[in-house]
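In case you want the letters, here they are:
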Amino acid sequence: MSSITAFEEMHHLEPHVRSGRAQAGVIMFIISDVLSILALVAAGGYLNALDTLRQFRAGGHPPALLPGLLTAVVLVLSGLAYYGWERGERKNPGAGQRAIFILAVVLMILTLAGQIWVGLTLGYAAPFHAYASLIMLLTWYSAFHLLLAAIIGLLLLGRIIRGRLVEHPYIAQATGYWWYYTVIAGVILWLFATFL
Amino acid sequence: MSETTTTNEAAVIVPRHYTLRQLLFPSVVSGVVLGVVGAVVVYFIVRALQPDNYDAQVVFAYTGWTLFFFAGIGAFNGIWRWGFARHDDTLEEALDLAGKDQGLWRYFRYTTDHKVVGMQYLATVLVLFFVGSMGAFSIRLEQSVPGAIFFTPSTYNTIVGMHGILMIVASIVMVSGPFGNFVLPIMIGARDMAFPRLNALSYWLLFAAIPVFLSTLFLGGFPTGWTGYAPLAVQGLTPGMDAYCFTIILFAISTTVAALNIITTVLVLRTKGMTLARLPIFVWGVMLSVFLGLTAFPSFLISQVMVLTDRVFHTSFFIAANGGSNWLYEHLFWFMGHPEVYVIALPAMAVAAELSAVFSRKTVFGRRMLLGSLITICILSVLVWGHHLYTSGSNTALDAPYMLDTELISIPTGFFFLALVGTLWRGRIWITVPLLFVAGMLVNFVVGGITGIYLADLPTDEILHGGMFVTAHFHFTLVGSMVFGAFAGFYYWFPKMLGRRLNPRLGALHFWLFEIGFLGTFLSLFYAGLQGEPRWSANVSPLYATANLIASLFAILIAVSVFVAVYNVIISLARGEVATADEWGARTLEWTVPTPVPLENFATLPEVKGTAYEYGLSEPVDKGFGLHEPATPDTMDAPSPQAQS
Amino acid sequence: MSEANIDANAGSVAPTPPPPPTPAATPASREPDHFRRVLTIWVVLSVIGMVACIFLLPYILPPTASNLGSVDNFTIVLLTVLAIPVALFVFVFLAYSMFAFRVRERPREDALPLKPRPMLQVGFLGITSVLCLFLIIYGLVAYYQEASAAPANPLVVQVTGQQWTWTFYYPQYGVSSQGQVLELPVNRAVQFVVTSKDVLHGFAVRTLGVRVDANPGQVTTTPYTTPTAIGQYPVVCVELCGLYHSYMWSSLKVVDQSTFNSWITSQGGHP
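Residues numbered from 1 in each chain as written. Chains lettered and ligands numbered in written order. Predicted model: local features only at pLDDT ≥ 70, side-chain atom pairs only at ≥ 80, totals over all residues. Heavy atoms only, no water.

**A word on the overall build of chain B**
To keep it simple, the criterion reads: Secondary structure elements follow DSSP: runs of H or I no shorter than four residues count as helices, runs of E no shorter than two count as strands, and numbering proceeds from the N terminus. It is over C-alpha atoms that the radius of gyration is taken, and the globule rule equals 2.2 Å times the number of residues to the power 0.38. The buried label goes to any residue with under 20% of its type's maximum accessible area, the exposed label to any with over 50%, and the partly exposed label to all in between, with areas taken from a 1.4 Å probe on protein chains only. Only heavy atoms matter for contacts: two residues are in contact if any of them lie within 4.5 Å across the pair. Residue exposure ignores everything except the shown protein chains as possible cover, and the areas themselves are Shrake-Rupley values with a 1.4 Å probe. Neither His nor the chain termini are counted; the positive set is Lys and Arg, and the negative set is Asp and Glu. Taken as the charge centre is NZ of Lys, CZ of Arg, CG of Asp or CD of Glu, depending on the residue.
Regarding its fold elements, chain B presents 20 helices and three strands. Relative to the 2.2 N^0.38 estimate, which gives 26 Å for 645 residues, the radius of gyration of chain B is 25 Å and therefore close to what a compact globule would have. By its C-alpha atoms, chain B is 75 × 65 × 45 Å across when sized along the principal axes. Burial status across chain B gives 69% buried among its 645 residues. Taking the intrachain contacts of chain B between residues at least 6 apart in sequence as the baseline, contacts between residues at least 24 apart amount to 81%. Of the roughly 20500 Å² of accessible surface on chain B, a fraction of 70% belongs to carbon and sulfur atoms. Taking the average place of the 31 positive charges on the side chains of chain B and the average place of its 38 negative ones, the gap between the two points comes to 9 Å.

Encoded structure:
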């Protein structure tokens, strides 16, 4: 047998270490993002409760229901598609239907487009009072999330097309954490913005 | 170019030769060039679209700088390759990223080797401290006589803010950056961090933030001090404020990435036998600190995003007339702000604990007690931010619970002192420069901690808040304790990281000048604070003139100490004694690898069988504190042979 | 039993082990009782320090001119007196260790390991908790006494902060203070109701023992405080509010009742 040098050992991590590493990294990234969202939501609730000079809602109307609802639905569908693909991957690495994954990515990109449309059609006028400011920040923060997920989806698609997913089965799972998190966070933010 | 040939014994990796063009592209040079080009282009585009919105022009210019800088330094290459490369990185590609065979150039590129990143952090931290202390001496100069004589009020406020934020940033990274990166992986028996590319990213984000921050000098400065309170931060005035906000955003991302990396490294890359229970205290301290940072920095990030949107897009998160509130800013800021001082404190405290064992040649007194106290401090610190808002008028009903929790933190802190004092007690104490700094830290931390009680106490806070008493308190804790702890680590690990010994006489001189100057300066400022002097005073009232003059005179000693330290570093690097691999006789793993440390750290990964604190007998003799029974042969075990293998 | 932080079959941590440790033993009869010594030094210095504190600290603290101010000064003295033995605990043990147990060169032998007995930890926890609890209760009691005071016929002063000056308005008399002077009658409880026109400011009168932020769009109040000594005292801003923050000074003049009444009349109000 050939012994591997220290250099090679540097480069080769065992699969269970790679898997643990991926999951730990994604989970902590999610924790950090959850706290950002909590900060936003808490800020909204706090300003609402304070209602300084009774100006919190002045000049601001709740966002229109239909665009946000449609976007949220497409987002959930994207999550379901990803789940469908990931289940296939887990049973047999490399066997996940590529078409379903592409569907998940496309749906995520559609969600992003929808969210941008929602943002552009909110209809508030400057100067934006606190409520309007909050809705705008939540909307574009959500869009940023979706952009991240779309980029990750495209990168992962590239990897699948190149056939580099089979040796790294944990990637589908770890990316899944972020994907489902984006879906859940997006829905929660939509509910919060619509019903604050 | 390079070859690997596998023989029966080992693979041979032929050294690679790099041309200058290969070294420069990508490197920090190409990053800066592309970043500047990007910033300028974006600036002109936005200026064409929004000619009156200076804040928008500046903020988008910063965004352009950041994206193009990272493109230029090659940060996106790894992401691109992750997705679209034809094959996973080969060994050669990974070693190329790790800076193999690139000589000193590897410090100027997007290098993934944790030792390189550690050195980059070390150099940057020292520069930040130096520039920040120039700010401090300017402040002391202005405050040495009544009236605003040397600087205009606008310049003075900017100097105060710059001093504050540069020092805060430097002290957040001063232990976790250089030593958390260089030493920590070796200490747990790993060959690198879990995410080497993210490691480089965390450093270069800090680097990218520096020009953004310094640009405030050309944009009119910023008037808010380092806390950046809105709505002062949102007031029109000059775009210099945007520099501050954007710097924080970059810095928050940097620390989040670093935290991810450090925690994952400790969780998954420990060598065989290095259980969590056997982790050195230093590793625990850094890990707890970055975890605290992970949870605290998002709210800071959001607060700065909100200030920027208020400035650029005219939202009203903090404008009372439109339903916003400055209390929102204060809560978001201090929810980060208080844990942040423990982000600063925990690594420095862990370094002190680590060094107290090494330099008394004695096991840590109550190791689990000490770890428990650090964990308790970590948890409690998240719940106390309201004590910065006692006098704000917000949520006065919660003042009592905040006071309760704030005072409670003194209990685990007490256990920290007990552990360190007990470690030194009856040790065989080798008085080295690192140990001097540990001793200075303990002395200063006592004063800092006790004066915190005055501020935690609701009635007395009412007369002390916003005055120089607060300034003196946090300087005693952040500088007198934590920076001293970082310097202890600096003198301790310098021989391992740079291969030279720092001159111990100059080191001792640095310590004494610093400590005496520090005590003189800040005890005088305590006095001034008790008299009622407010903070942020360009125009010091004659009432406080004497105390301020004395403080400024003692600050001269601190200034001299800074130059002594700089001189020491320069001559030690130039012609200092070469250091040995095991400089101090310590037991942690980094002292078992050669100096300079090879790229792969260990020839073979070690197997750990105990903790690093097993000084003395292999079987610990339970003598209890101070009640020492005479050591006679029949009550003591001879050293067990197993201790030798 | 107590923390077994070392494995029973402790091996060396590293592939290249350190030199074999030998215990540093000294015969009992020649060894001084370090612990008794250090405790004695600690007790003696603590007593000296506490006594010095009680006598000297009142000279360091600024003169107080209100009931709240006196309480606050007393609290500071109390906290300092309590702090002295705590601080000396660390200073004395540390200094003693550095002198008594130092070795000149790099030590060739390890020191005997010491582990804390459970009683020590429990005792330490108990003492620090008692101290902590005392501080908490003391602070809460003082705070609630302040907050729940309800004096008869208090004076109300509305304070408005703006960049970079304070304005004082007496709603009970319809008088605004021109210039930079806050005039108050001695021995009458006063409460400040504070707000701001632009950014955050901090209204602080050290001698009255009050301090509260001035927030735009909000109104905050200080506890009731009673000036007890006639004189002139500073009023300052303690929250950084921009360019001339450190010039945002006013003057508090505490005067007797008749002077105050004539001042009110001179400003166009009705006492």
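Next comes the rest of the description.
**Structural notes on the interface of chain C and chain B**
Condition: In short, buried area is how much 1.4 Å probe accessible area vanishes from two parts on joining, totalled over both. Think of a salt bridge as a Lys or Arg side-chain nitrogen and an Asp or Glu carboxyl oxygen that are within 4 Å of each other. Pairs of N or O atoms are called polar contacts if they sit within 3.5 Å, as long as, within protein, a hydrogen donor faces a hydrogen acceptor (for residues adjacent in sequence, only side-chain-to-side-chain pairs). Gly counts as polar in this scheme, as do all residues outside two lists: the nonpolar Ala, Val, Leu, Ile, Met, Phe, Trp, Tyr, Cys and Pro, and the charged Asp, Glu, Lys and Arg. Here the rule is simple: two strands pair whenever DSSP picks up at least two bridges between them.
Between chain C and chain B, the residue contacts involve 107 residues of the former and 119 residues of the latter. With both chains or domains summed, chain C and chain B bury close to 10500 Å², and 66% of this area falls on carbon and sulfur atoms. The interface formed by chain C and chain B contains four salt bridges. In this structure, the connection of chain C to chain B is made through 23 residue pairs in polar contact (both at pLDDT 80 or more). Taken together, the elements giving at least two residues each to the side of chain C that touches chain B come down to α1 (34–60), α2 (67–100), β1 (102–103), α3 (118–147), β8 (210–214) and β10 (231–237) of chain C. Here the side of chain C that touches chain B takes 16 residues from α2(C), the largest share from any one element. The class makeup of the residues in the side of chain C that touches chain B is 67 nonpolar, 22 polar and 18 charged. Relative to β1(C), strand β3 (residues 429–430) of chain B is paired through two bridges, and the arrangement is parallel. Residue pairing in the sheet places B:Trp430 in a bridge with C:Val103 of β1(C).

**Notes on α1(C)**
All names here are of chain C. To keep it simple, the criterion reads: Working rule for helices: expected span equals 1.5 Å times residues minus one. One fitted axis covers the seven residues ending at a residue, a second covers the seven starting there, and the bend at that residue is the angle between these axes.
The end-to-end C-alpha separation of α1 is 36 Å, in line with the 39 Å expected for 27 residues at 1.5 Å each. The largest bend along α1 measures about 40° and falls at Ile 54, with the proline Pro 58 one to four residues further on. Three or more residues of α1 are buried, namely His 34, Phe 35, Val 38, Ser 46, Gly 49, Cys 53 and Leu 57. Contacts from the buried residues of α1 go to α2.

**Describing empty space enclosed by the protein**
The criterion, for reference: Think of a 1 Å grid over just the protein atoms. A cavity is a set of points where a 1.4 Å probe fits yet cannot get out, a pocket is an open set with protein on both sides within 12 Å along at least five of seven lines, and lining residues have an atom within 4 Å of a point. Grid points are joined across faces, edges and corners, and a volume is the space filled by probe spheres set on the points.
A full pass over the atoms with the stated rule returns 10 cavities of 30 Å³ or more. Taken as a whole, the largest cavity holds about 220 Å³ of empty space. Looking at the largest cavity, it is lined by 20 residues, and the ones nearest its centre are A:Gly68, A:Gln115, A:Gly186, A:Leu189 and A:Trp190. Of all the secondary-structure elements, those providing two or more residues to the lining of the largest cavity are α3 (65–91), α4 (98–120), α5 (130–161) and α6 (170–195) of chain A. Tallied by class, residues from the lining of the largest cavity come to 12 nonpolar, eight polar and no charged. Computed from the structure, the second largest cavity encloses a volume of approximately 160 Å³. Every residue lining the second largest cavity is counted, 16 residues in all, and those nearest its centre are B:Ile172, B:Ser176, B:Thr255, B:Ala258 and B:Val290. Residue contributions to the lining of the second largest cavity peak at five residues, all from helix α10 (residues 240–268) of chain B. Of the residues that constitute the lining of the second largest cavity, the class distribution is nine nonpolar, seven polar and no charged.

**Observations regarding the domain arrangement of chain B**
Residues and elements named next belong to chain B. Here is the rule: By convention here, the domain bounds are inherited from an automatic or database domain assignment.
Assigned domains of chain B: these are domain 1 (23–110) and domain 2 (111–592). Taken together, the contact pairs 27 residues of domain 1 with 27 residues of domain 2. Surface buried jointly by domain 1 and domain 2 totals about 2200 Å² across both partners, of which 69% is contributed by carbon and sulfur atoms. Applying the counting criterion to the domain 1 and domain 2 interface returns two salt bridges. The partner of Arg 197 in a salt bridge is Asp 89, with the nearest N and O atoms 3.5 Å apart. Only α2 (28–49), α3 (54–72) and α4 (75–84) provide two or more residues apiece to the side of domain 1 that touches domain 2. Here the side of domain 1 that touches domain 2 gets 12 residues from one element, more than from any other, and that element is α3.

**Description of the interface of chain A and chain B**
On the side of chain B, 61 residues touch chain A, which itself brings 48 residues to the contact. For the pair chain A and chain B, the two sides together bury roughly 4600 Å², of which 70% comes from carbon and sulfur. Considering only the side of chain A, the residues that lose the most area to chain B are A:Phe7, A:Met10 and A:Met28, jointly responsible for 14% of the buried surface there. Summed over the shared surface of chain A and chain B, the number is three salt bridges. Residue B:Arg191 is joined to A:Glu9 by a salt bridge in which the shortest nitrogen-to-oxygen separation is 2.4 Å. Counting across the interface, chain A meets chain B through 19 residue pairs in polar contact (both at pLDDT 80 or more). It is helix α2 (residues 15–50) of chain A that provides the largest number of residues to the side of chain A that touches chain B, a total of 16 residues.

**As for the packing of α2(C) against α3(C)**
Each pair of packed helices gets described by two things: the angle between the helix axes and the distance between those axes. All names here are of chain C. The line we're drawing: All axes here are fitted lines through C-alpha atoms, helices being fitted over the stretch that makes contact, and every angle between N-to-C directions spans 0 to 180 degrees. Should an angle fall under 35 degrees it is called roughly parallel, over 145 degrees roughly antiparallel, and 65 to 115 degrees roughly perpendicular, with every other angle called oblique.
Contact geometry for α2 and α3: axes closest at 12 Å, N-to-C directions at 175°. In terms of orientation, α2 and α3 fall into the roughly antiparallel class. Residue-level contacts link Leu 68, Asp 72, Phe 74, Thr 75, Leu 78, Leu 79, Leu 82, Val 86 and Phe 89 of α2 to Phe 124, Leu 131, Phe 134, Leu 135, Tyr 138 and Glu 146 of α3.

**Thoughts on the sheet that holds strand β4 (residues 175–176) of chain C**
Reading across the sheet, the five strands line up as β4-β3-β2-β6-β9 (chain C) and stay open at both edges, with mixed pairing between neighbours. Two strands close off the open sheet at either side, each with one partner strand: β4 and β9 (220–221) of chain C.

**Considerations on α3(B)**
For α3(B), spanning 19 residues, the distance from its first C-alpha to its last is 26 Å, which sits close to the expected 27 Å at 1.5 Å a residue. Positive backbone phi, at 90°, marks B:Gly74, one or two positions downstream of α3(B).

**Thoughts on the pairing of strand β5 (residues 181–185) of chain C**
Residues and elements named next belong to chain C. Burial analysis of β5 places four of its five residues in the buried class, the great majority of the element. Note: β5 against strand β11 (residues 250–255), five bridges, orientation parallel. Note that in β11 the partner of Leu 182 across the bridge is Leu 252.

**A few points about the pattern of salt bridges**
Counting across every chain of the model gives 20 salt bridges over all chains. Taking the shortest distance from any N to any O, the salt bridge between B:Glu583 and B:Arg501 comes out at 2.3 Å. Pair noted here: B:Glu583 is in the segment after α20 (545–575) and B:Arg501 is in the loop between α18 (468–498) and α19 (504–531), with a separation of 82 residues, a long-range link. For the salt bridge of C:Arg36 with C:Asp33, the shortest nitrogen-to-oxygen distance reads 4.0 Å. Overlapping salt bridges, with partners in common, bring together A:Arg159, A:Arg164 and B:Asp88 in one network.

**A closer look at the environment of B:Ala94**
Along the chain, the position of B:Ala94 falls in helix α5 (residues 91–97). Classification of B:Ala94 by relative accessible area gives partly exposed; the value is 21%.

**Considering the packing of aromatic side chains**
For clarity, the cut-off: Each Phe, Tyr or Trp ring (for Trp, its six-membered ring) is paired with any other whose centre lies within 6.5 Å, and the angle between the two planes then decides the class: stacked below 30 degrees, edge-to-face above 60, tilted in between. Should the NZ of a Lys or the CZ of an Arg lie within 6 Å of a ring centre and within 35 degrees of the ring normal, that charge is described as sitting over the ring.
Summed over all chains, the structure comprises 86 aromatic pairs over all chains. Their ring planes at 70° and their centres at 4.9 Å tell us that B:Phe511 and B:Trp512 sit as a pair that is edge-to-face. In this arrangement the basic side chain of A:Arg159 is found over the ring face of B:Trp82, its NZ or CZ atom lying 4.9 Å from the centre. Over the aromatic face of B:Tyr615 sits the side chain of B:Arg587, whose NZ or CZ is 4.8 Å from the ring centroid.

**Details of the environment of A:Phe101**
Residue and element names in this part refer to chain A. Assignment of secondary structure puts Phe 101 in helix α4. C-alpha separation for the pair Phe 101 and Pro 62, spaced 39 residues apart in sequence, amounts to 34 Å. Those residues within four positions of Phe 101 in sequence are excluded, and the remaining contacts are Tyr 82, Trp 85, Gly 153, Leu 156, Leu 157 and Ile 160.

**As for a nonpolar patch on the surface**
All names here are of chain A. Heads up, the condition is: Patch membership requires more than 30% relative accessible area and the absence of a salt bridge. Residues of like charge join within 9 Å; the nonpolar side chains Val, Leu, Ile, Met, Phe, Trp and Tyr join within 5 Å.
A surface patch of nonpolar side chains, about 910 Å² in accessible area, is lined by Leu 65, Leu 66, Leu 69, Leu 70, Val 73, Val 76, Leu 77, Leu 80, Leu 191 and Phe 195. When contributions to the nonpolar patch are tallied by element, the ones reaching two or more residues are α3 and α6. In terms of residue count, the dominant contributor to the nonpolar patch is α3 (eight residues). Looking at the element boundaries, Leu 77 is found in helix α3.

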